[in-house]
Structure formats: structure tokens, C-alpha cells
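# Geometric and topological summary
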Amino acid sequence: MIPKLLIALFFSLPIVCPLNAQQPKAAPEEQSFSVAVHGEIEHANSGDLKADVDVGTLPAGKRGSISLSLINTTLFDLPIHAMTTSCSCLRAVAQEDIIPAGGKVDIELRIEVPKTSRSAAQQLRFNITYADNALVEIALNYRLAGLISFPGSGFSTTAQFGEKAHRFRIPVLATEPIVFGEVLATADKSLGEIKLRGVAEGNEMWIECELELDPSSQVNRVGSIYVQDPKSGDKASIHCLVAQSQAFAVAPEIVRFTELEPSKKTFQARAIFKLDNSLIRYRKLANGSQQEELPPAIDWSAEFGKLYCDLNRIGPGIYRVNFTYVESEKRDEQSQLPVRLAKIECRLKTGKEVLSKTLRVAFE
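## Describing the sheet that holds strand S1 (residues 33-43)
Picture the strands of a sheet paired through backbone hydrogen bonds; they go either parallel or antiparallel. Sheet architecture is open: eight strands sit in the order S5-S9-S10-S2-S1-S3-S8-S6, paired in mixed fashion. Unpaired on one side and paired on the other, strand S5 (82-85) and strand S6 (90-94) mark the two borders of the sheet. Shown here is a sheet whose adjacent strand axes are inclined to one another by a mean of 20 degrees, direction ignored. Sheet topology note: the strand S2 (residues 49-59)/strand S10 (residues 134-145) ladder contains ten bridges and is parallel. Directly across from Ala 51, in S10, lies its bridge partner Ile 138.

Next up, the structure:
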């Protein structure tokens, strides 16, 4: 029987592995491509050293290796003190610690290619430090393959007032030939009823969009539109704003009245009134030119007192409104002060439709 003291000593002793014992090896990174390229170190116009390397085409969203043979075309040796990369997606390891004049060095690069991008053309950079504050700047240029994306992060368009359907197109970036009949295009429900159709002509591709609208609405639509490659399953999205043009606008939205004649309880104010282009009407003159007509049936009304309006055109679709307000005889039951208007209702008649806008009122 083993004494308890010996058992305790056995489990308290440190475990020592021989120096030559084989350690478990880390699983190698999965590499989907390997490329061999070369570049030349030369003097830039600024006097610094640089190398531009064309890597070719790399698959989007994949990891791989680039074997770079870098030739030193200068007349002096370049010791490699350090190497730094512009992105964590790129790692560089040199096989030697010096690049002899007229010689070369082999550099092994590990790269993770982005899956999505706003452009097919890509560039990564890494630097070799060969002396104090002296660098060799190396640019790796490549193009993405298997990419489907939108060129921009957002898209906006403006629907004209009265439109029942607004049509627009959004460009699509695809680096491979795509049969757009197989591409799935969808949109957020917040955009409303929208029809999407992919179109490809030569090297140009886009999404044809047709959005149903309420002709009397002035509410903007916001949402995202998506495209998905049926082969790779890759999906891209773009934020989309469909703005409704304002049928008419009045500035400022707060109409400020100043006293004109205290004895007559009269006040005056001014505002600028702007019509949407779709509401501007023209009449043909005898000499063949056109003249803008006054807006059709504008009704300005006040809840208390009498309101008079004088409309003067000062630009295309832009009018200055001079308000004259005569205070009513009605008084507040508690304060016995005259009851003044707090808002002005503006109604614009366009055919069978009546558009309204409420302006707040202040007295100074």
C-alpha cells in the first residue's frame, strides 16, 4: 500500500517535457488561391523608394497567399529592419533580412480579400523600413472577381408632385457576367409597392425600379434595396430615399405680424410662397413667348378677424405674400383681451385636388 505522503508528493511535482518533444501543430489556414508575382524597387519622383505590384484578379471573400519576388534596382543594399502593412487583412514575411543591390528578396504575403466593396479595383500597401525614417513603399494592386455590389452607399431620387408611379434606376457593380433574370432583387416594405427588374447591356448593369405613389401624398419613402447572386449567394444592399417634392412651400412657417395702425387694430406680415414646378402654368403670348400664370385658386383664411392677402410674383414659381390682418371684436371671456388668430390655413386648388398647409402666427 502506497503511503499518503508519497501520493501527495507525486501530484505536487511539476511536469517537465523534453525540449525535443513534438508540440501539437496549429491547423494551417485554409488557402483558396496562391499567386506568384514580382515587382521592382525604384526611385519615385519625390526621391523615396517605391514598388508598384500588379497582382491581377483575386476572388472576393477568400483567403490566399501571394509570393512576391521583390527586385532591388538601386545601387545600394537595403536592410530589412521592419515591415508594416496598411491593413490587418495583410501579413508579410521576408525570407531574408537584406535586399542586395541588384538582387532580390522573396516575401510571402497572406491576404484576406474583402467580400464586398464599392469598387472592383483594390489596393493594399505595406512598407519596408531600411533606415531611420526611410521606407520602401509597396503598393499591391488587384481587382475583385465574383463581386456583386452597389457603387455607392446610398441612392436618392425625387418624385414629382402628382406622380402615380415613379421610375428610376440604380447601377449595380458586378465583376462577372450575370444573367439578371436569375438575380433576386428585393426591397424593404417601408418603400411600399415597388417593382424591380434587373437589366444588363454590355458591361453596364442596373436595377429598374417602379414605385407606386399616392399622387396627393408629400411623405418621403425610405428603405433598402437588395440584390443577390443566385450562384454564390452573395447579397448587396443600398439605402434608398425617394423624396416627394413639396407641392408648395411657404417660408417662414411662422408668420410674424407687426402693428400697422393701432387705432384700426390692423397688423401686417410677409411670407414667401413657392410652387412646385409641376404646378406652374404658362400661357402663350402673341409674340410666341410664354408667361407664367398666377397660381390657381389660393385661399388664405383666418379663424378670427379678417385676413387680406396680396400676391406678387418675384421669380419662377416664387411669390411674395403680403398679409393684412384686422383684429376681430371678439374678446376672451376671462382676460377680456381681443381674440387674435393663432394660425393661417392655406389651401391650394389643383384641378380636383385641394392641398392645404397650416402656418403658425405670432404678434410682435
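Read on, since the account is not over.
## Considerations on the sheet that holds strand S12 (residues 154-159)
The sheet built from four strands is open, its strands ordered S12-S19-S18-S15 with mixed pairing. In this open sheet, the two edge strands, each paired with only one partner strand, are S12 and strand S15 (184-187). Each neighbouring strand pair of the sheet contributes to a mean axis angle of 25 degrees, computed without reference to strand direction. Pairing between S12 and strand S19 (residues 235-244): six bridges, direction parallel. Note on S19: the bridge partner recorded for Thr 157 is Val 242.

## Description of the packing of aromatic side chains
In total, this model carries eight aromatic pairs according to the counting rule given. Here the aromatic rings of Phe 267 and Phe 363 are separated by 5.1 Å at their centres, their planes lie at 80 degrees, and the arrangement is edge-to-face. Placement of the pair is Phe 267 in strand S22 (residues 266-275) and Phe 363 in strand S29 (residues 353-363), with a sequence separation of 96 residues. With 5.9 Å between their ring centres and 55 degrees between their planes, Tyr 325 and Phe 363 make a pair best called tilted. Placement of Tyr 325 in strand S27 (residues 318-326) and of Phe 363 in strand S29 is noted, with a sequence separation of 38 residues between them. On the accessibility criterion, Phe 363 (25% relative accessible area) is partly exposed. Members of the aromatic cluster, each reached through a chain of ring pairs, are Phe 257, Phe 267, Phe 323, Tyr 325 and Phe 363. Looking at Lys 235, its charged tip hangs above the ring of Tyr 226, at a distance of 4.9 Å from the centre. Residue placement shows Arg 340 over the ring face of Phe 363; its charged tip is 4.7 Å from the ring centre.

## A word on the nonpolar core
Counting residues in hydrophobic clusters, the biggest one holds 35 residues, and the most contacted among them are Leu 58, Leu 70, Ile 111, Phe 126, Ile 128, Ile 138 and Leu 140. Listed by contribution, the elements that provide at least two residues to this core are S1, S2, strand S3 (63-72), strand S8 (104-112), strand S9 (121-131) and S10. Ranked by residues supplied to this core, first place goes to S10 with six residues. Apart from the residues lying within four places of it in its own chain, the contact partners of Leu 140 are Val 53, Val 55, Leu 90, Leu 109, Gln 122, Gln 123, Leu 124 and Phe 126. Grouped together as the second largest cluster of nonpolar side chains are 24 residues, Val 255, Leu 275, Leu 307 and Tyr 325 included.

## Points about the state of the cysteines
Enumeration over the complete set of coordinates arrives at one disulfide. Paired through a disulfide, Cys 87 and Cys 89 show a sulfur-sulfur distance of 2.4 Å. On the S-S bond that ties Cys 87 to Cys 89, the torsion sits near 135 degrees, and the link is right-handed. For the unlinked cysteine Cys 209, the closest cysteine sulfur is that of Cys 240, found at 6.6 Å. Note on Cys 209: relative accessible area 2%, which makes it buried. Of the cysteine sulfurs around Cys 346, a residue in no disulfide, the closest is that of Cys 309, at 8.4 Å.

## Remarks on unusual backbone geometry
A positive phi angle, close to 55 degrees, is found at Lys 265, a residue other than glycine. On the secondary structure map, Lys 265 appears in the loop between strand S21 (254-261) and S22. Residue classification places Lys 265 among the partly exposed residues on the basis of a relative accessible area of 26%.

Criteria and cut-off values
Counting from 1, residues in each chain are numbered in the order their sequence is written. The predicted origin of the model limits local features to residues at a pLDDT of at least 70 and limits the giving and counting of side-chain atom pairs to 80 or more, whereas totals for whole chains, interfaces and linings rest on all residues. In computing side-chain values, all of the structure's heavy atoms are included and hydrogens and water are not. Each pair of strands is called paired provided DSSP finds at least two bridges between the two strands. Under the scheme used here, helices are H or I runs from DSSP no shorter than 4 residues and strands are E runs no shorter than 2 residues, and both carry numbers assigned from the N terminus. Helix axes are fitted to C-alpha atoms over the stretch in contact, other axes to C-alpha atoms as well, and angles between N-to-C directions run from 0 to 180 degrees. A pair of Phe, Tyr and Trp rings is counted when the ring centres sit within 6.5 Å of each other, with Trp represented by its six-membered ring. The angle between the planes then sorts it: under 30 degrees is stacked, over 60 is edge-to-face, the rest tilted. Each residue is placed in one exposure class: buried if its accessible area under a 1.4 Å probe, protein chains only, is under 20% of its type's maximum, exposed if it is over 50%, and partly exposed if it falls in between. Placement of a positive charge over a ring is assigned whenever Lys NZ or Arg CZ falls within 6 Å of the ring centre and within 35 degrees of the normal to the ring plane. In these notes, a set of buried Ala, Val, Leu, Ile, Met, Phe, Trp, Tyr and Cys residues joined through side-chain atoms within 4.5 Å is what counts as a nonpolar core. Contacts are assigned to residue pairs with any non-hydrogen atoms lying within 4.5 Å of each other. A pair of sulfur atoms, both from cysteines and within 2.5 Å, is called a disulfide here.

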